[in-house]
Amino acid sequence: MIFPLALGLCCNCTITYWIMYTLVFMFVTIYQACLGLMAGLELNHLIYPLEARTAPSGCSLLPHNHYWISSKRIVTQDGVISGAVEIKDGKVFSLVKEEDWHGYIRNGHIVDFGEAVVMPGLIDVHAHLDDPGRDDWEGFPSGTRAAAAGGITTLIDMPLNSEPSTVSVETLKLKMNAAKNRIFVDVGFWGGLVPDNALNATALEGFLRAGVLGLKSFMCPSGINDFPMTNITHIKEGLSVLAKFKRPLLVHAEVQEDVVGESVEDDKNDARLYSTYLKTRPPSMEETAIRNLLTVSENTRAGGPSEGAHLHIVHLSDAQSSLDLLKKAKGRGDSISIETCPHYLSFSADEIPDGDTRFKCAPPIRDADNKEKLWEALTGGDIDMLSSDHSPSLPDLKLLQEGDFLKAWGGISSLQYVLPATWTSGRKYGVTLEQIASWWSEKPAKLAGQHLKGSIAVGNYADIVAWDPESEFDLDENHSSYIKHPSISAYMGRKLSGKVLATFVRGNLVYKEGEHAPAACGSRLLAQ
Ligand SMILES: NC(=O)N[C@H]1NC(=O)NC1=O
Ligand SMILES: [Zn+2]
Ligand SMILES: [Zn+2]
């Protein structure tokens with residue numbers, strides 16, 4: 001206010017300046033007020049992307065407990081609709097089509113995603129977060145932040161690669177403690193079926209009562225010392241206990257064949273060649289394991305001794321004999337489901353560079369013809385669902401310098417990228433949004449016994465991802481990656497389409513375009 005006087009002007013001039021100054025001041029103030037009002041109106045209507053406040057709890061980037069999410073493409077069980085989802089107290093309260101919702105929503109707070117897709121959050125039933133004990137490989141905080149950034153709202157943690165493995169009530173408690181206040185999405189736990197507990201029904205029952213969502217076993221060495229492989233007797237006994245709890249057994253279905261091991265010891269086999277690695281794990285390893293499994297899976301049929309139990313084949317790679325056998329068993333009424341992973345659908349053996357151990361996994365990525373057949377089986381409904389099998393390690397263990405496929409850690413790092421990876425390769429096969437939701441949400445929710453998850457439906461948890469299928473991005477070091485070791489991911493360097501815009505877990509906006517909610521408010525899921 002001292003501005004005009006400080007100029008040292010005459011009295012009249014000073015009055016004139018004062019009047020002018022006041023007018024300009026009023027004009028600026030009114031103009032700013034108008035802008036504020038407009039912003040305020042917008043805030044009450046189309047908040048996204050203006051909204052920046054955080055809930056007082058820190059659990060959500062949105063300070064609302066009751067609000068609407070609107071979009072032209074909401075994936076529901078009745079197809080893709082244009083309209084809005086009403087969220088209240090963490091659950092879906094109503095679903096309204098566009099033609100009805102204008103009269104319906106009065107003073108609601110609306111988060112509008114326009115043309116972007118609003119879909120049930122992904123449920124990854126196969127992820128190794130390696131916590132406790134190996135959280136330098138991944139860990140709950142980084143893994144679940146990556147999940148949130150990738151549109152995954154629930155993941156089920158595998159019982160191995162943590163230290164110790166989750167194979168008992170005591171080790172489950174260690175998992176629960178490690179996850180407490182450190183998870184940004186919901187996390188459930190599979191328990192390990194290992195020789196130590198498999199023939200001890202009392203121990204297994206206690207373990208299942210403690211809340212593991214089902215069991216997981218290996219039919220070949222797992223690469224983890226305290227997670228030995230099971231034989232078919234262990235598996236049969238495991239199924240009979242699981243039947244009482246109506247929970248699944250997930251099996252890594254490969255058996256070791258001696259003859260193959262010998263052939264690659266040969267000097268002619270260069271460990272830097274992917275073809276050398278491929279020879280060590282032929283499709284017959286999967287086929288033999290599946291033949292063995294089918295001798296006990298008939299027990300899961302209606303009226304069978306293990307009715308209620310369910311056999312889930314993880315990460316199927318062989319789309320020929322193994323798949324044919326499984327299809328027939330399903331047809332006979334065995335309770336079986338099959339998962340494969342985006343890496344088997346995105347890559348083929350012929351394009352894996354020599355020495356590039358980022359692509360090493362078991363079972364291995366096979367040839368292009370096999371990839372086509374996997375897509376055929378997935379789109380045709382013979383393969384039920386997808387999972388990440390995110391299995392990272394310390395970068396050193398990938399032996400990227402040596403490029404030794406026989407000695408490097410086997411496991412693909414992909415957690416944050418599975419939605420764009422599926423969409424990018426799936427588009428060529430005419431994949432629909434409903435199929436993506438079925439493979440990544442609906443079927444996995446059923447497998448993990450999550451009855452209030454897996455679809456955007458009234459009464460379900462508001463676990464939702466908003467993503468833009470048309471948006472392309474380069475997955476390089478400039479991309480915001482939240483997995484602990486992005487450099488070892490086989491997807492690095494690819495161009496992907498399908499950008500995750502926002503992720504809601506139980507109504508909390510946990511991720512929005514590069515920003516995470518500050519507090520780790522994910523729930524630990526125990527079977528009841
Ligand atoms: N232990 C472990 O995570 N193994 C996984 N890695 C992989 O490539 N296949 C598996 O089963
Ligand atoms: Zn496996
Ligand atoms: Zn795995």
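What counts, and at which threshold
Residues numbered from 1 in each chain as written. Chains lettered and ligands numbered in written order. Predicted model: local features only at pLDDT ≥ 70, side-chain atom pairs only at ≥ 80, totals over all residues. Heavy atoms only, no water. 1 Å grid on protein atoms, 1.4 Å probe; cavity = no way out; pocket = protein on both sides within 12 Å on 5 of 7 lines; lining within 4 Å. Points joined across faces, edges and corners; volume = space filled by probe spheres on them. Helix = DSSP H or I, 4+ residues; strand = E, 2+ residues; numbered from the N terminus. Nonpolar A, V, L, I, M, F, W, Y, C, P; charged D, E, K, R; others polar. Buried < 20%, exposed > 50% of the residue type's maximum accessible area, 1.4 Å probe, protein only. Arc of directions from axis to C-beta. Contact = heavy atoms within 4.5 Å. Phe/Tyr/Trp six-rings, centres within 6.5 Å; stacked < 30°, edge-to-face > 60°. Lys NZ or Arg CZ within 6 Å of the ring centre and 35° of its normal. pLDDT = per-residue confidence, 0-100. Donors = N, O, S within 2.8 Å, 3.2 Å for Na, K, Ca; no water. Near = heavy atom within 4 Å. Polar contact = N/O pair within 3.5 Å; in protein donor to acceptor, adjacent residues only side chain to side chain. Areas by Shrake-Rupley, 256 points an atom, 1.4 Å probe, with all protein chains shown as cover. Lys, Arg positive; Asp, Glu negative; His and termini not counted. Salt bridge = Lys/Arg side-chain N within 4 Å of Asp/Glu carboxyl O. Axes fitted to C-alpha atoms, helices over the stretch in contact; angles between N-to-C directions. Parallel < 35°, antiparallel > 145°, perpendicular 65-115°, else oblique. Left-handed = near helix turned anticlockwise from the far one by under 90°.

## So, the layout of surface pockets
Consideration 1: Of the volumes computed, that of the second largest pocket is approximately 610 Å³.
Consideration 2: If you trace the second largest pocket, you find 25 residues lining it, with Lys446, Ala448, Gly449, Gln450 and His451 closest to the centre.
Consideration 3: Ranked by residues supplied to the lining of the second largest pocket, first place goes to helix α16 (residues 433-447) with three residues.
Consideration 4: When its residues are assigned to classes, the lining of the second largest pocket shows eleven nonpolar, seven polar and seven charged.

## Structural notes on helix α7 (residues 201-209)
Consideration 1: Those residues of α7 that fall on the buried side of the exposure criterion are Leu204, Glu205, Phe207 and Leu208. Mapping the buried residues of α7 onto a view down its axis gives an arc of 160°, with all of them on the same face. Pointing more than 90 degrees away from the buried face of α7 are the exposed residues Thr202 and Arg209.
Consideration 2: Contacts made by the buried residues of α7 are with α5 (169-179), β9 (191-192), α6 (195-198), β10 (215-218) and α8 (232-245).
Consideration 3: Immediately beyond the C-terminal end of α7, within one or two residues, lies Gly211, with a positive phi of roughly 120°.

## Comments concerning the packing of aromatic side chains
Consideration 1: Within the structure shown, the criterion is met by 14 aromatic pairs.
Consideration 2: A ring pair is formed by Phe113 and Phe504, whose centres lie 6.2 Å apart and whose planes are at 85°; its orientation type is edge-to-face. Here Phe113, found in the loop between β4 (110-112) and β5 (117-120), pairs with Phe504, found in strand β16 (residues 495-505); they are 391 residues apart in sequence, far enough to count as distant.
Consideration 3: Residue class for Phe113 comes out buried when judged on its relative accessible area of 7%.
Consideration 4: Among the aromatic residues, those joined into a cluster by ring pairs are Tyr67, Phe113 and Phe504.
Consideration 5: The ring of Phe93 has Lys88 lying over it, and the distance from NZ or CZ to the ring centre is 4.6 Å.

## Topic: the confidence of the model for the protein
Consideration 1: Averaged over every residue, the pLDDT of the protein is 90; the share at 70 or more is 88%.
Consideration 2: Segment residues 1-52 is flagged for pLDDT under 50; beyond a separation of four residues in sequence, or across chains, it makes 35 contacts in the model.
Consideration 3: We note a pTM of 0.90 for the whole complex and an ipTM of 0.99 for its interfaces.

## What about the coordination of the zinc ion (ligand 2)?
Consideration 1: At this site the zinc ion (ligand 2) is bound by His252 (ND1) and His315 (NE2), with donor distances of 2.1 Å.
Consideration 2: Between the zinc ion (ligand 2) and the zinc ion (ligand 3) there is a metal-metal distance of 3.7 Å. Taken as a pair, His252 in strand β11 (residues 248-252) and His315 in the loop between β12 (310-313) and α12 (321-331) lie far apart in primary sequence, 63 residues in all. Of the two residues examined, His252 and His315, each falls in the buried class.

## Considering the site of ligand 1
Consideration 1: For ligand 1, the set of nearby residues contains 14 residues, the closest of which are Asn161, His252, Ala362, Ser391 and Gly410.
Consideration 2: Interatomic distance of 2.8 Å between a side-chain N/O atom of Asn161 and an oxygen atom of ligand 1.
Consideration 3: With respect to ligand 1, the backbone of Ala362 contributes an N or O atom lying 2.7 Å from a nitrogen atom.
Consideration 4: Protein contact buries 96% of the 290 Å² of open area that ligand 1 shows by itself.
Consideration 5: Here the shell around ligand 1 is built from residues that sort into five nonpolar, eight polar and one charged.

## With respect to the side chain of Arg247
Consideration 1: By the secondary structure assignment, Arg247 is in the loop between α8 and β11.
Consideration 2: For the buried residue Arg247, which engages in no salt bridge, the nearest side chain bearing the opposite charge is Glu205, 11 Å off.
Consideration 3: A polar contact is formed between the side chain of Arg247 and the backbone oxygen of Val212, at a distance of 2.8 Å.
Consideration 4: Setting aside residues up to four positions removed in sequence, Arg247 forms contacts with Leu208, Gly211, Val212, Leu213, Gly214, Leu242, Gly308, Ala309, His310, Ala527 and Gln528.

## Considering the coordination of the zinc ion (ligand 3)
Consideration 1: Around the zinc ion (ligand 3), the protein contributes the donor atoms His126 (NE2), His128 (NE2) and Asp389 (OD), at 2.1 to 2.2 Å from the metal centre.
Consideration 2: The sequence pattern formed by the donor residues of the zinc ion (ligand 3) is H-x1-H-x260-D.

## A closer look at the packing of helix α11 (residues 283-297) against α12
Consideration 1: At a minimum axis separation of 8 Å, α11 and α12 run at an interaxial angle of 20°. Comparing their axes, α12 and α11 come out roughly parallel. For the pair α11 and α12, the crossing hand works out as left-handed. Of the residues in α12, those in contact with Pro283, Glu286, Glu287, Ile290, Arg291 and Leu294 of α11 are Ser321, Ser322, Leu325, Leu326 and Ala329.
Consideration 2: Looking at side-chain class alone, the contact of α11 with α12 contains six nonpolar, two polar and three charged residues.

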